[in-house]
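Structure at a glance
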Amino acid sequence: MTTQTITTDAGDARITWHEARRARLVLAVGHGAGGGIEARDLQALAGTLPGHGVTVALVEQPWRVAGKKVAPAPRTLDTGWRGVWPALAKPGLPVISGGRSAGARVACRTATELGAHAVLALSFPLHPPGRPEKSRAEELLGAGVPTLVVQGGNDPFGRPEEFPDGSYELIEVPHGDHGFAVPKRAEITQERALEIVTAGVREWVSSLA
């Protein structure tokens, strides 16, 4: 594991590299507006995929590196992501642009422009909780590259059945909330929930090669 600081027009960002021994792809994943790269799903992917030929790059946006508690406007998040892209592409491998929540929106909005190989959208925030009329489906549907959505079955930002038809794949994590946490009474364990995430992403990535 190595870290790299990248200067962007939005401030200094940071990449934590989890490198595969014989990498064939890079999966770059950004965090959400309410947390950082310590999120359980991001850590699970970083711990699993390098063993399957995928280098995982966990990207911390400049606002998070600077210690701020509130995420900036979407356009500023996009600026930060654009700024780290040359470093993500430097290994010369196809780059999957990914993120959780707000980071998933960034990945979708910038995928075509940056030449992303595909998009991984973890806990895509389809709408604000309780506000289904405020849909962000256009961002998801406009990604323009192969896209995988991994969504908790009880995500208040959009349950799987709320997602519109489109040319993307969707994996449901039963009982999962926006952070893929499952209640103790659920029929699956927390460990199993994360296995659904990592196994699903691993199989999808293999289908892209």
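Okay, so let's go over this structure. (Residues numbered from 1 in each chain as written. Predicted model: local features only at pLDDT ≥ 70, side-chain atom pairs only at ≥ 80, totals over all residues. Heavy atoms only, no water.)

Observations regarding the pattern of salt bridges
For the structure shown, the criterion picks out eleven salt bridges. Glu60 is the salt-bridge partner of Arg14, the closest N and O atoms lying 2.9 Å from each other. Residue Arg14 is located in strand E2 (residues 11–18), and its partner Glu60 is located in strand E4 (residues 54–60); the two are separated by 46 residues in the primary sequence. Overall, Arg14 belongs to the partly exposed group, its relative accessible area being 27%. (Salt bridge = Lys/Arg side-chain N within 4 Å of Asp/Glu carboxyl O. Helix = DSSP H or I, 4+ residues; strand = E, 2+ residues; numbered from the N terminus. Buried < 20%, exposed > 50% of the residue type's maximum accessible area, 1.4 Å probe, protein only.)

Details of the packing of helix H1 (residues 40–48) against helix H6 (residues 190–208)
As a packed pair, H1 and H6 sit with axes 10 Å apart at the nearest point and diverge in direction by 55 degrees. Between H1 and H6, the interaxial angle falls into the category oblique. Note that H1 runs across H6; the crossing there is right-handed. Of the residues in H6, those touching H1 at Arg40, Asp41, Ala44, Leu45 and Thr48 are Gln190, Leu194, Val197, Thr198, Val201 and Arg202. Counted by class, the contact of H1 with H6 contains five nonpolar, three polar and three charged residues. (Axes fitted to C-alpha atoms, helices over the stretch in contact; angles between N-to-C directions. Parallel < 35°, antiparallel > 145°, perpendicular 65-115°, else oblique. Left-handed = near helix turned anticlockwise from the far one by under 90°. Contact = heavy atoms within 4.5 Å. Nonpolar A, V, L, I, M, F, W, Y, C, P; charged D, E, K, R; others polar.)

Considerations on H6
Over its 19 residues, H6 extends 28 Å from the first C-alpha to the last, a length consistent with the 27 Å expected when each residue adds 1.5 Å. For H6, the complete set of buried residues consists of Ala193, Leu194, Ile196, Val197, Thr198, Gly200, Val201, Trp204, Val205 and Leu208. (Expected span 1.5 Å × (residues − 1).)

Let's talk about unusual backbone geometry
Both trends apply: most residues other than glycine have a negative phi, and most peptide bonds are in trans. In the Ramachandran plot, Ser123 falls in the positive-phi region, its phi being about 50 degrees despite a non-glycine side chain. Residue placement: Ser123 occurs in the loop between strand E6 (118–122) and helix H5 (137–141). Non-glycine residue Phe180 carries a positive phi angle of around 65 degrees. Inspection of the secondary structure assignment puts Phe180 in the loop between strand E8 (169–173) and H6.

Here's the deal with the nonpolar core
Among the nonpolar cores identified, the biggest contains 35 residues, and Ile15, Trp81, Val84, Leu88 and Phe124 are the most heavily contacted of them. The leading source of residues in this core is helix H4 (residues 102–114), at seven residues. Contact partners of Ile15, with chain neighbours within four places excluded, come to Thr2, Thr3, Gln4, Ile6, Ala57, Leu58, Val59, Val84, Ala87 and Leu88. Membership of the second largest hydrophobic core comes to 31 residues, among which are Leu25, Leu58, Leu120 and Trp204. (Core = buried A, V, L, I, M, F, W, Y, C linked by side-chain atoms within 4.5 Å.)

With respect to the packing of aromatic side chains
Across all of its chains, the model carries two aromatic pairs by this definition. Between the aromatic rings of Phe124 and Phe163, the centroid separation amounts to 6.5 Å while the plane-to-plane angle is 65 degrees, which identifies the pairing as edge-to-face. You can see Phe124 sitting in the loop between E6 and H5 and its partner Phe163 sitting in the loop between strand E7 (147–152) and E8, a full 39 residues away along the chain. The class for Phe124 is buried, based on a relative accessible area of 0%. Classification of Phe163 by relative accessible area gives buried; the value is 9%. (Phe/Tyr/Trp six-rings, centres within 6.5 Å; stacked < 30°, edge-to-face > 60°.)

Describing the sheet that holds strand E5 (residues 95–100)
The mixed open sheet is built from eight strands, whose spatial order is E1-E2-E4-E3-E5-E6-E7-E8. Strands with a single pairing partner mark the edges of an open sheet, and in this sheet they are strand E1 (2–8) and E8. Adjacent strand axes in the sheet meet at a mean angle of 20 degrees, parallel and antiparallel pairs treated alike. Pairing of strand E3 (residues 25–30) with E5 involves five bridges; the strand directions are parallel. Looking at E5, one finds that Ala28 is bridged to Ser97. Across the sheet, H4 touches E3, E5 and E6, and the angle it forms with E5 is around 145 degrees. The sheet strands contacting H6 are E3, E4, E5, E6, E7 and E8, and the helix crosses E8 at an angle near 165 degrees. (Pairing = 2+ DSSP bridges.)

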